[in-house]
Protein chains: 2
Amino acid sequence: MNPTMRDVADYARVSPMTVSRTLRDDPSVAPEKRSRVLAAVAALGYRRNEAARTLRVGGSTKLLGVVITNIANPFYAQLALGIEDHADKRGMRVVFANSGENTDRERQLVQDFAARRLDGIIAVPAANQHDHLDPAGLAAVPVVLAASPPHRINVDAVLLDDFGGTYEATSMLIARGHRNIGFLGLPAATWTGSERYRGYVAALEAAGLAVQDRFVRRNQPHVAAAVEAANAILDQPDPPTAVFAANNRNTIGAYRAIRSHGGTTALAGFDDFDFADLLDLPLIVVSYDAREIGRVAAELVCGHIDNPSSSPLARRVVIPTKVIDYPNAAS
Amino acid sequence: MNPTMRDVADYARVSPMTVSRTLRDDPSVAPEKRSRVLAAVAALGYRRNEAARTLRVGGSTKLLGVVITNIANPFYAQLALGIEDHADKRGMRVVFANSGENTDRERQLVQDFAARRLDGIIAVPAANQHDHLDPAGLAAVPVVLAASPPHRINVDAVLLDDFGGTYEATSMLIARGHRNIGFLGLPAATWTGSERYRGYVAALEAAGLAVQDRFVRRNQPHVAAAVEAANAILDQPDPPTAVFAANNRNTIGAYRAIRSHGGTTALAGFDDFDFADLLDLPLIVVSYDAREIGRVAAELVCGHIDNPSSSPLARRVVIPTKVIDYPNAAS
DNA sequence: CGCGACTCTGGTACCGATACCATCGCCGGG
DNA sequence: CCCGGCGATGGTATCGGTACCAGAGTCGCG
């Protein structure tokens with residue numbers, strides 16, 4: 001068994017209280033006893049049990065829970081870095097869990113986080129159903145959403161300008177003369193999915209162009225499905241001369257499909273990625289600072305941790321997007 | 001304050017013990033009281049305090065700690081997925097922390113994990129100094145290393161065939177007629193760094209070629225530094241006709257440098273990545289199943305959790321590598 | 001020299017849940 | 001009819017720390 005505080009106390013011939021105080025840096029411990037305690041700690045390899053401490057002190061596990069939909073997406077790695085940036089400053093650790101874009105699993109995960117009494121939760125919801133993310137049902141653990149505004153619950157959120165970014169990139173395709181533009185999207189049940197679609201439609205309408213449903217596919221869960229969907233669009237008679245892809249998975253899929261079709265279709269997509277400027281076809285991407293999203297989300301959730309009464313603010317922070325044009329002149 | 005078990009007991013007019021038993025699915029609770037308890041739980045929004053439970057039961061936080069060097073590297077996202085695959089099966093959660101390739105921070109993180117009494121730790125060490133990763137100094141929390149064998153401590157490890165993969169890829173460059181081959185590596189103080197360099201040297205020597213130090217750079221912490229190092233190699237008189245890059249960061253850096261030098265230098269690198277087949281220059285990569293590394297590491301650490309006596313096995317599992325040739329014919 | 005004030009230390013109870021043992025009521029067999 | 005046995009329930013101590021309060025010792029000042 002691991003040594004306990006009492007073991008240290010016995011070894012140092014003091015009371016457990018003196019040990020506790022020493023480890024809490026309480027100034028009211030005589031230097032001599034203090035050093036005896038520290039020597040005992042070293043000799044026994046003692047380590048304070050944080051679970052017990054948490055229980056007594058009545059809170060603060062110093063853990064921040066993060067529920068995301070898909071770790072494999074590099075967007076989330078950046079988000080994680082941003083959250084860690086801020087958590088570190090406060091001596092907090094970050095617990096990750098992957099919902100796999102499944103709301104049931106998401107519910108299970110946040111329940112588990114609440115039972116563990118994590119100090120706060122940052123969630124990227126898998127769908128528009130958010131009842132299970134209400135702090136009221138989660139032992140009052142503060143919740144902040146990322147990439148999606150809350151639906152029928154009252155929490156803060158950090159958002160992207162999904163509509164604006166898509167609108168701008170689609171408009172750029174239109175400005176270059178494209179009149180038939182395909183769309184590879186995300187499920188309409190997600191905020192991101194509906195907003196990006198809305199941006200696409202608005203840009204077309206602003207230019208007096210009609211949305212053609214035969215050029216629209218909205219549910220590709222992985223790259224292979226995106227390739228297939230893009231092929232289906234490009235194989236039609238009188239195919240579009242450009243495609244907008246609503247996230248990195250779809251952009252990659254579309255890229256592969258376009259390349260295998262001769263590479264003459266223009267492509268724009270949401271989410272920047274590492275190699276966007278090294279590809280062998282031109283590309284427009286909607287870029288944003290994913291790390292900043294994490295940082296802001298962590299700040300917001302820590303604000304609620306410090307000041308539990310401030311729950312019902314429901315703030316929204318919108319992170320701007322920037323359209324980047326990679327000409328990628330075939331060398 | 002959150003409701004406690006006593007509150008539930010009062011509400012349901014039973015003793016706390018009956019509530020505890022009900023929530024533990026103990027069969028010896030009469031159906032009628034059982035349903036009264038469940039009703040009270042629902043009415044009060046009660047949630048069992050896992051910290052208290054852990055304290056009493058004396059262990060099992062059901063948390064697995066993962067210390068990695070750099071979350072932004074997609075390799076770790078796959079590793080994380082593999083770990084989660086296995087952890088999930090056992091109802092465990094995963095706590096992540098980023099050491100930033102800093103051994104002091106790594107020490108601090110594992111100490112913190114031990115103090116929290118996590119059930120196990122999986123670490124990708126930042127350097128060859130492993131004393132702080134010895135379970136003996138960590139409240140006997142089982143430790144498994146990934147991507148590096150233990151140095152002077154006695155723990156299991158999941159390894160990559162760093163030497164073999166590098167040897168094979170370098171040999172492929174030689175087989176294609178290259179005689180001067182540059183090397184962009186990792187710090188010699190890391191296992192991965194020294195093994196991959198060893199593989200490079202061995203392949204050259206097996207072909208009767210000499211290692212030329214002027215073509216070797218071994219410490220690029222990020223892509224920008226890798227670009228610079230690659231430029232420095234390529235700008236020399238009589239430059240190499242091929243380069244081997246020891247990880248994805250260096251491969252990307254080398255790729256950018258080669259491209260800006262006209263794209264005539266051949267390139268091979270360790271780590272596959274998403275767009276390797278979509279670039280506009282040919283490329284050879286050493287590929288492996290990163291997710292499998294995580295899965296195996298989780299299995300090993302769970303083995304020790306189940307059977308704490310089996311500590312001193314010091315098993316090694318080696319995950320094979322596969323060389324992939326992306327011709328990337330400029331379309 | 002006496003007394004309050006201040007410093008340091010230890011005893012005790014308690015955070016929330018559960019292991020252990022005692023108790024109570026009920027049943028059937030002798 | 002009495003007693004052993006069993007199923008259901010509750011009381012109590014405990015896990016490892018820490019808040020709170022009490023007590024011992026020291027010092028300075030009137």
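Residues numbered from 1 in each chain as written. Chains lettered and ligands numbered in written order. Predicted model: local features only at pLDDT ≥ 70, side-chain atom pairs only at ≥ 80, totals over all residues. Heavy atoms only, no water.

Peer 1: Sorry, what's going on with the domain arrangement of chain A here?
Peer 2: A common way to state how big an interface is: give the accessible area lost once the parts meet. On domain assignment, one finds that chain A holds domain 1 (5–48), domain 2 (63–159 + 290–317) and domain 3 (162–287). Look at where the C-alpha atoms of domain 1 of chain A and domain 2 of chain A centre, and you get two points 38 Å apart. (Domains from an automatic or database assignment.)

Peer 1: Whenever I open this one, the interface of chain A and chain B confuses me. Can you help?
Peer 2: Taken together, the contact between chain A and chain B spans 50 residues of the former and 50 residues of the latter. The contact between chain A and chain B buries some 4900 Å² in all, and 53% of this surface belongs to carbon and sulfur atoms. It is Arg47(A), Arg93(A) and Leu278(A) that lose the most area in chain A upon contact with chain B, and together they represent 16% of the buried surface on that side. Where chain A touches chain B, the interface holds six salt bridges. Here Asp277(B) ties to Arg256(A) by a salt bridge, and the two come within 2.3 Å at their closest N and O atoms. Where chain A touches chain B, the interface holds 24 residue pairs in polar contact (both at pLDDT 80 or more). Going through the elements one at a time, α4 (50–57), α5 (74–89), β2 (93–98), α6 (103–115) and α10 (248–260) of chain A are the ones with two or more residues in the side of chain A that touches chain B. At seven residues, the largest contribution of residues to the side of chain A that touches chain B is made by α6(A). Its residues assigned to classes, the side of chain A that touches chain B shows 25 nonpolar, nine polar and 16 charged. In this structure, β2(A) lies alongside strand β2 (residues 93–98) of chain B, joined through three bridges in antiparallel fashion. Among the inter-strand pairings, Val94(A) is bridged to a residue of β2(B), identified as Phe96(B). (Contact = heavy atoms within 4.5 Å. Buried area = accessible area lost by both parts, 1.4 Å probe. Salt bridge = Lys/Arg side-chain N within 4 Å of Asp/Glu carboxyl O. Polar contact = N/O pair within 3.5 Å; in protein donor to acceptor, adjacent residues only side chain to side chain. Helix = DSSP H or I, 4+ residues; strand = E, 2+ residues; numbered from the N terminus. Nonpolar A, V, L, I, M, F, W, Y, C, P; charged D, E, K, R; others polar. Pairing = 2+ DSSP bridges.)

Peer 1: Quick question: what am I supposed to make of the packing of aromatic side chains here?
Peer 2: Aromatic ring pairs are reported here in terms of the distance separating the ring centres and the angle at which the planes meet. In the structure shown here, the tally under the stated rule is 20 aromatic pairs over all chains. Aromatic pair Phe270(A) and Tyr288(A): ring centres 6.0 Å apart, planes at 40°, arrangement tilted. Linking Phe270(A) in strand β9 (residues 266–270) with Tyr288(A) in the loop between β10 (283–287) and α11 (290–306), this pair joins segments that are 18 residues apart in sequence. In this structure Phe270(A) comes out as buried when scored by relative accessible area, which is 0%. Relative accessible area serves as the criterion here: at 16%, Tyr288(A) is assigned to the buried category. Measuring from ring centre to ring centre gives 5.8 Å for Phe275(A) and Phe275(B), while their planes differ by 40°; the resulting arrangement is tilted. Of this pair, Phe275(A) sits in the loop between β9 and β10 while Phe275(B) is found in the loop between β9 (266–270) and β10 (283–287), placing the two residues in two different chains. (Phe/Tyr/Trp six-rings, centres within 6.5 Å; stacked < 30°, edge-to-face > 60°. Buried < 20%, exposed > 50% of the residue type's maximum accessible area, 1.4 Å probe, protein only.)

Peer 1: It is not clear to me how the protein's contact with DNA strand D should be interpreted in this structure. Could you clarify?
Peer 2: Near DNA strand D, the surroundings consist of 25 residues, among which Ser20(A), Tyr46(A), Arg53(A), Arg56(A) and Thr18(B) are the closest. Sugar and phosphate atoms represent 58% of those atoms of DNA strand D found within 4 Å of the protein. The backbone of Ser15(B) places a nitrogen or oxygen atom 3.0 Å from a phosphate oxygen of DNA strand D. One of the side-chain N or O atoms of Arg56(B) is found 2.7 Å from a base oxygen in DNA strand D. (Near = heavy atom within 4 Å.)

Peer 1: Looking at this model, I keep getting lost on the protein's contact with DNA strand C. Mind explaining?
Peer 2: Taken together, 25 residues form the shell around DNA strand C, and within it Thr18(A), Met5(B), Ser20(B), Tyr46(B) and Arg53(B) come nearest. Near the protein, meaning within 4 Å, the atoms of DNA strand C are sugar or phosphate in a fraction of 61%, with bases accounting for the rest. At 2.6 Å, a backbone N or O of Met5(B) approaches a phosphate oxygen of DNA strand C. Residue Asn49(B) places a main-chain N or O atom 2.9 Å away from a phosphate oxygen belonging to DNA strand C. Residue assignment for the surface near DNA strand C shows that the elements contributing at least two residues are α2 (16–23) and α4 of chain A together with α2 (16–23) and α4 (50–57) of chain B.

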